[in-house]
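# Tertiary structure, described
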Amino acid sequence: MLIQKPSDIRPSEITSRDNYLNRRRFLEAGIAAGSAFVAGPAFPALLPQRARAALEFGSSEYSTDEPPNSYEEITTYNNYYEFGTDKADPQRNAQDFETRPWTITVDGHAEVTGRFDLDDFVKPHALQERIYRMRCVEAWSMVIPWVGIPLVDLVRHFRPTAAAKYVLFESLHDPERMPGQSSRVLRWPYREALTIAEATNVLPILAVGLYGEVLPNQNGAPLRLVVPWKYGFKGIKGIVRMSFVETQPRTTWEMAAPNEYGFYANVNPGVNHPRWSQAMERRIGSSLFAPKQPTLMWNGYGEQVAQLYEGLDLRRNF
Ligand SMILES: Nc1nc2c(c(=O)[nH]1)N[C@H]1C(S)=C(S)[C@@H](COP(=O)(O)O)O[C@H]1N2
Ligand SMILES: [Mo]
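In this text, all values refer to a predicted model and were calculated from it rather than measured experimentally. (Residues numbered from 1 in each chain as written. Chains lettered and ligands numbered in written order. Predicted model: local features only at pLDDT ≥ 70, side-chain atom pairs only at ≥ 80, totals over all residues. Heavy atoms only, no water.)

### Description of the overall build of the protein
- A count of helices and strands for the protein gives 8 helices and 12 strands.
- Counting over 318 residues, the protein shows a buried share of 52%.
- Once local pairs closer than 6 in sequence are excluded, the contacts in the protein between residues at least 24 apart make up 72%.
- Accessible surface, the protein: about 14,600 Å² in total, of which carbon and sulfur atoms supply 52%. (Helix = DSSP H or I, 4+ residues; strand = E, 2+ residues; numbered from the N terminus. Buried < 20%, exposed > 50% of the residue type's maximum accessible area, 1.4 Å probe, protein only. Contact = heavy atoms within 4.5 Å. Areas by Shrake-Rupley, 256 points an atom, 1.4 Å probe, with all protein chains shown as cover.)

Spelled out as structure tokens, the structure:
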């Protein structure tokens, strides 16, 4: 059993990255020895939310072998305006955010709809690790080892009808629990959406974990979207609603500044932000003196996604 009781973990032992690397070695050894390792749904629902609870997951051919950013970098340099606009705010202000109980409403054009407890929402699906590059529209990037459910599995589970052309996601709107929502810096709740073709592509996941453990609050617990070929702002955090809709929804950053942030938001070094170039990016954790690295078209995921945009004018549909 890979799940430690929280009382067994002393703070001094919390070296998340080491635990994770050890467990990975263990899993890989199992695979090498020919034991069929099947990821079962193993979402430790009953553990106190702040426990660093381990998840069980399978690996994926879509993971990059680039070295991941450290746990420290991924959990202290965040964008999550519900908890403040400074990069250090989410880590500071989201510590006491309660992610249990948590319900997700599924509605719109689908055969299966309703309100689901998070655990029932996650349970039917096997967890996978996906180590993905993440490119923020602000021209920095990281490599993040997520654990989550392929979005295509979830979409199929709810059986959208032919009228469903887009999947809309909404974050929690609760100014009492999310102090940043008392500011009007964005229109709340945060909203993001994908076309059905994008949502059923192999790459997007709904993440519930990071570095093999339950997702920290500042990274969007208990459930956040990850779409690695799009700018980071498409990766909506703290999801409470998933709607199958017919017309293209207006999304948060598009509403805030439509000339700067589009619906598609595909990573594209050839289409600049009106106020800065998108040609290069700074990998978080690299030395301040290290040269920036070139940004890749579709963030390097063209093999999986380029066909989604054949014939689309990417300069217009940015
Ligand atoms: N609800 C919500 N989701 C959000 C944001 C936000 O402010 N609110 N910020 C987005 C932006 S701009 C980025 S770059 C990523 C950052 O994810 P990370 O902090 O886990 O790296 O989250 C995205 N998801
Ligand atoms: Mo971002």
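Picking up where we left off.
### As for empty space enclosed by the protein
- Tallied over the entire structure, the rule returns 1 cavity of 30 Å³ or more.
- The calculated volume of the largest cavity comes to roughly 90 Å³.
- In terms of lining residues, the largest cavity is bounded by 14 residues, among which Met 134, Val 226, Val 227, Gly 232 and Gly 235 are the most central.
- Mapped by element, the contributors of at least two residues to the lining of the largest cavity are strand S3 (128-135) and strand S9 (224-226).
- Residue classes in the lining of the largest cavity are distributed as 8 nonpolar, 2 polar and 4 charged. (1 Å grid on protein atoms, 1.4 Å probe; cavity = no way out; pocket = protein on both sides within 12 Å on 5 of 7 lines; lining within 4 Å. Points joined across faces, edges and corners; volume = space filled by probe spheres on them. Nonpolar A, V, L, I, M, F, W, Y, C, P; charged D, E, K, R; others polar.)

### Topic: the nonpolar core
- Grouped together as the largest cluster of nonpolar side chains are 83 residues, with contacts concentrated most on Phe 121, Met 242 and Phe 244.
- Among the elements that make up this core, the one with the highest residue count is strand S4 (residues 140-150) (7 residues).
- Among all residues touching Phe 121, those that are not within four sequence positions of it are Ile 104, Val 106, Phe 116, Leu 154, Phe 158, Leu 206, Leu 223 and Met 242. (Core = buried A, V, L, I, M, F, W, Y, C linked by side-chain atoms within 4.5 Å.)

### Some thoughts on the layout of surface pockets
- Reported here for the second largest pocket is a volume of approximately 430 Å³.
- Around the second largest pocket sit 27 residues that line it, and Asn 79, Tyr 80, Tyr 190, Gly 232 and Phe 233 are the ones nearest its centre.
- Sort the elements by how many residues they give to the lining of the second largest pocket and S4 lands first, with 4 residues.
- Looking at the lining of the second largest pocket, its residues break down into 17 nonpolar, 6 polar and 4 charged.

### Quick notes on the site of ligand 1
- Around ligand 1, the surrounding shell holds 17 residues, and the nearest of these are Asn 78, Tyr 81, Glu 82, Gly 235 and Lys 237.
- One of the side-chain N or O atoms of Glu 82 is found 2.8 Å from a nitrogen atom in ligand 1.
- Take Gly 235: an N or O atom from its main chain is 2.8 Å from a nitrogen atom of ligand 1.
- When the free accessible area of ligand 1 is taken as 540 Å², the share hidden by the protein chains comes to 98%.
- Placement of ligand 1 is best described as lying within the second largest pocket.
- Residues of the shell around ligand 1, tallied by class, amount to 8 nonpolar, 6 polar and 3 charged. (Near = heavy atom within 4 Å. Polar contact = N/O pair within 3.5 Å; in protein donor to acceptor, adjacent residues only side chain to side chain. Sits in = over half its atoms within 2 Å of the grid points.)

### So, the pattern of salt bridges
- If you walk through the whole model with that rule in mind, you get 17 salt bridges.
- Two residues, Asp 107 and Arg 241, come together in a salt bridge whose shortest N-O distance is 2.2 Å. Highlighted residues: Asp 107 in strand S1 (residues 103-108) and Arg 241 in strand S10 (residues 239-245), separated in sequence by 134 residues.
- Arg 316 is paired through a salt bridge with Asp 313; the nearest N and O atoms lie 3.7 Å apart.
- What makes Arg 316 exposed here is its relative accessible area of 68%. (Salt bridge = Lys/Arg side-chain N within 4 Å of Asp/Glu carboxyl O.)

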